[in-house]
Amino acid sequence: MDIRELHWLRTHAAKLDPELKSHLLTCYRKIAKAPCFLQRIYRFFQHRLRRFPVIIQLTPTRNYEAIKELRTTLAKYNKTINNLTIINSLATSLSLRAIKKITTHSLIKKIYLDQEIRALLHTAIPTTKATTLWQHNFTGKGVTIAIMDTGISSHPDLLLPQNRVLAFKDFVNKQTTSYDDNGHGTHCAGSAAGNGYASAGKYKGPAHEAKIVSLKILNKMGLGKSSTAIEAVEWILAYKKKFNIKIISLSLGYKATVSYREDPLCQALEKAWQAGIVICTAAGNDGPENKTINSPGIHPDFITVGAFDDHNTIDPADDTIAEFSSRGPTLDGLTKPDFLLPGHNIISARAKGSFLDKLNQNEVVDDWYLSLSGTSMAVPLCAGIIAQLLEARPFLSPPEIKKQLRESCQKIFSAEANVQGNGCLDCNKLLNPQTSNT
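Residues numbered from 1 in each chain as written. Predicted model: local features only at pLDDT ≥ 70, side-chain atom pairs only at ≥ 80, totals over all residues. Heavy atoms only, no water.

K.L.:
I would appreciate a short explanation of the packing of aromatic side chains in the present structure.
P.N.:
Where two aromatic rings form a pair, the distance of their centres and the angle of their planes describe that pair. All chains considered together, the criterion is met by seven aromatic pairs. Ring centres of Trp-235 and Phe-243 lie 6.0 Å apart, and the angle between their planes is 15°; this geometry places the pair in the stacked category. For the pair Trp-235 and Phe-243, one class covers both residues: buried. Taken together through their ring pairs, the aromatic side chains of Trp-235, Tyr-239 and Phe-243 make up a single cluster. Above the plane of the ring of Trp-134 lies Lys-204, whose end atom (NZ or CZ) is 4.8 Å from the centre. Directly above the aromatic system of Trp-368 lies the positively charged group of Lys-352, at a separation of 4.0 Å from the ring centroid. (Phe/Tyr/Trp six-rings, centres within 6.5 Å; stacked < 30°, edge-to-face > 60°. Buried < 20%, exposed > 50% of the residue type's maximum accessible area, 1.4 Å probe, protein only. Lys NZ or Arg CZ within 6 Å of the ring centre and 35° of its normal.)

As structure tokens, then:
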């Protein structure tokens, strides 16, 4: 490996996040492994043609001429540059050669790899005892849940007898009519706020009178970029008052490689949390190994939900922690998840003809419903329960909501806190929270 290249990486290591640095080192290793007579050609292609999606965070400044000069420099390498104003950053894709040249710029604070995000009701609802809140007539009325996912299809449980989908924004294909080519987002929307219209009320989400805003940030395969998610957070903050958005449901994540303090998506969502929006996110599906909590679930403020298997019964005696549910601690040594909700074989809205619908034909229940598993399925259940709580107590702040949820849990497993958090959420306790069992 060229010692000069190693010197560059070492000199500017503080400006490169570990994941990006690892990718760049891999490029250099591949060059070194090529036959000597091919290394010059191979280096040319690796340096100039291979591109890395990056988020470039800037040092705070009022020197607008310097910012303009930096954008002009970046435009030489890629004319497509997206502003991520909420975290004072720019998103683009650059070659190794371009990254090497711009790291010396005084305005650049850090360069992150633009991480790839992946998409991570029947028995589940009685298990959580959300029906207790229905008895008090709390069904999510007046509360809007923003679901950042793969989109939303036309489903009776969300459109009839009245349309409760207030808005659809497509950050992937820029379409204006709502759709879901993957199916994950529709399932999540149904889990949170489906009213069971197509099942005579059988498959009904906890907040079946809540409103939905759908933000498509993941493609047909359920994949996307953290920069796209950050753009969606900016949109939510811009339209928060118009649509009365109180909750963001994130059934997605990616491997955590830096502290939550540095993670770009965590930084953006923290702004939403501070603006009074509750962040509900998945622990991840990388269990049973420890230290597998996905970002943005690594943030200490956000509500991070793991999954358990209720074995299709209401009786907690046969419940088990889902093996796939990610475990803590986080990179920062924080205890996560916060608690568990059902996430195994959850029946919810089906997006007919979507990628997941075709892939999981054995899980199709009928024309309108599909069964899926994952911490992805536990998150919208949590979002729906939060909508019920906010209807009952609209004055609660995000930290107060999280506190009440944690205090309304029951530890029915003997596992440590980094496996089950505070235990399983029990809505019987939610309106009169007490200290959870330890």
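K.L.:
Whenever I open this one, the pattern of salt bridges confuses me. Can you help?
P.N.:
A side chain of one charge can pair with a side chain of the opposite charge when the charged atoms of the two come close. Scanning the model with the defined rule gives 11 salt bridges in all. A salt bridge links Lys-141 to Glu-209; the shortest N-O distance between them is 3.7 Å. Here Lys-141, found in the loop between helix 7 (131–135) and strand 6 (144–149), pairs with Glu-209, found in the loop between helix 9 (184–193) and strand 8 (211–216); they are 68 residues apart in sequence, far enough to count as distant. Residue classification places Glu-209 among the partly exposed positions, given a relative accessible area of 34%. In this structure, Glu-407 and Lys-403 form a salt bridge, with 2.8 Å as the shortest nitrogen-oxygen distance. Residue Glu-407 and its partner Lys-403 are both found in helix 14 (residues 398–407); the two are separated by four residues, about one turn of the helix. The class for Glu-407 is partly exposed, based on a relative accessible area of 23%. The network of salt bridges with shared partners includes Lys-336, Asp-338, Lys-402 and Arg-406. (Salt bridge = Lys/Arg side-chain N within 4 Å of Asp/Glu carboxyl O. Helix = DSSP H or I, 4+ residues; strand = E, 2+ residues; numbered from the N terminus.)

K.L.:
What is the right way to look at the side chain of Ser-354 in this model?
P.N.:
Structurally, Ser-354 is set in the loop between strand 16 (346–349) and helix 12 (355–359). Residue classification places Ser-354 among the buried residues on the basis of a relative accessible area of 3%. Setting aside its immediate chain neighbours within four residues, Ser-354 contacts Asp-180, Asp-181, Asn-182 and Gly-183. (Contact = heavy atoms within 4.5 Å.)

K.L.:
I keep staring at the confidence of the model for the protein chain and nothing clicks. Help me out?
P.N.:
Fine structural detail should not be taken from predicted coordinates in areas where pLDDT scores are low. The share of residues in the protein chain with pLDDT of 70 or more is 91%, and the mean pLDDT across the chain is 90. Ignoring residues within four places in sequence, the model shows residues 434–438, a span with pLDDT below 50, making 11 contacts including any to other chains. (pLDDT = per-residue confidence, 0-100.)

K.L.:
Quick question: what am I supposed to make of the sheet that holds strand 5 (residues 116–119) here?
P.N.:
Two modes of strand pairing occur in sheets, parallel and antiparallel, and in both the strands are linked by backbone hydrogen bonds. Strand order in this open sheet of three strands is 9-5-11, and the pairing throughout is antiparallel. At either end of the open sheet lies a strand with only one pairing partner, and these are strand 9 (223–225) and strand 11 (252–253). (Pairing = 2+ DSSP bridges.)

K.L.:
Looking at this structure, how should I read helix 11 (residues 264–274)?
P.N.:
One turn of the α-helix equals 3.6 residues, which is why residues spaced by three or four share an orientation. With respect to burial, helix 11 is a largely interior element, eight of its 11 residues being buried. Among the residues of helix 11, Pro-264, Leu-265, Cys-266, Gln-267, Ala-268, Leu-269, Ala-272 and Trp-273 are the ones counted as buried. Of the residues one or two after helix 11, Gly-276 is the one with positive phi, at around 100°.

K.L.:
Where do I start with the sheet that holds strand 18 (residues 369–372) in this structure?
P.N.:
Here three strands make up an open sheet; going across it, the order is 16-18-17 and the pairing antiparallel. A single partner strand is all that each edge strand has here, and the edge strands are strand 16 and strand 17 (364–366). Averaged over all adjacent pairs, the angle separating strand axes in this sheet is 35°, with direction ignored. The strands touched by helix 9 within the sheet are strand 16 and strand 18, with strand 16 carrying the most contacts at an inclination of about 105°. (Axes fitted to C-alpha atoms, helices over the stretch in contact; angles between N-to-C directions.)

K.L.:
For this particular structure, what's the right way to read the environment of Gly-185?
P.N.:
Mapped onto the elements, Gly-185 comes out in helix 9. The buried category is assigned to Gly-185, whose relative accessible area is 0%. Between the C-alpha atoms of Gly-185 and Leu-390, which are 205 residues apart in sequence, the distance is 23 Å. The contact partners of Gly-185, leaving out residues within four places of it in the chain, are Ile-147, Asp-149, Thr-150, Gly-151 and Asp-180.

K.L.:
What is the right way to look at the side chain of His-155 in this model?
P.N.:
Following the sequence through the fold, His-155 ends up in the loop between strand 6 and helix 8 (156–159). Residue His-155 is classed as buried on the basis of its relative accessible area, which comes to 0%. Looking at His-155, its side chain comes within polar contact range of the main-chain oxygen of Trp-368, at 2.8 Å. Excluding residues within four positions of it along the chain, His-155 makes contact with Ala-349, Arg-350, Trp-368 and Tyr-369. (Polar contact = N/O pair within 3.5 Å; in protein donor to acceptor, adjacent residues only side chain to side chain.)

K.L.:
What should I look at first to understand unusual backbone geometry in this one?
P.N.:
What is expected of a backbone is that most residues other than glycine have negative phi and most peptide bonds are trans. For the peptide bond that leads from Gly-287 to Pro-288, omega is 5°, which places it in the cis range. For the peptide bond that leads from Lys-336 to Pro-337, omega is 5°, which places it in the cis range. The residue Pro-337 is located in the loop between strand 14 (320–321) and strand 15 (339–342) in this model. Even without a glycine there, the phi angle at Lys-174 is positive, about 60°. Within the secondary structure, Lys-174 is located in the loop between strand 7 (165–170) and helix 9. Phi is positive for Asn-345, which is not a glycine, with a value near 55°. Mapped onto the elements of the fold, Asn-345 is located in the loop between strand 15 and strand 16. For Asn-345, a relative accessible area of 31% puts it in the partly exposed group.

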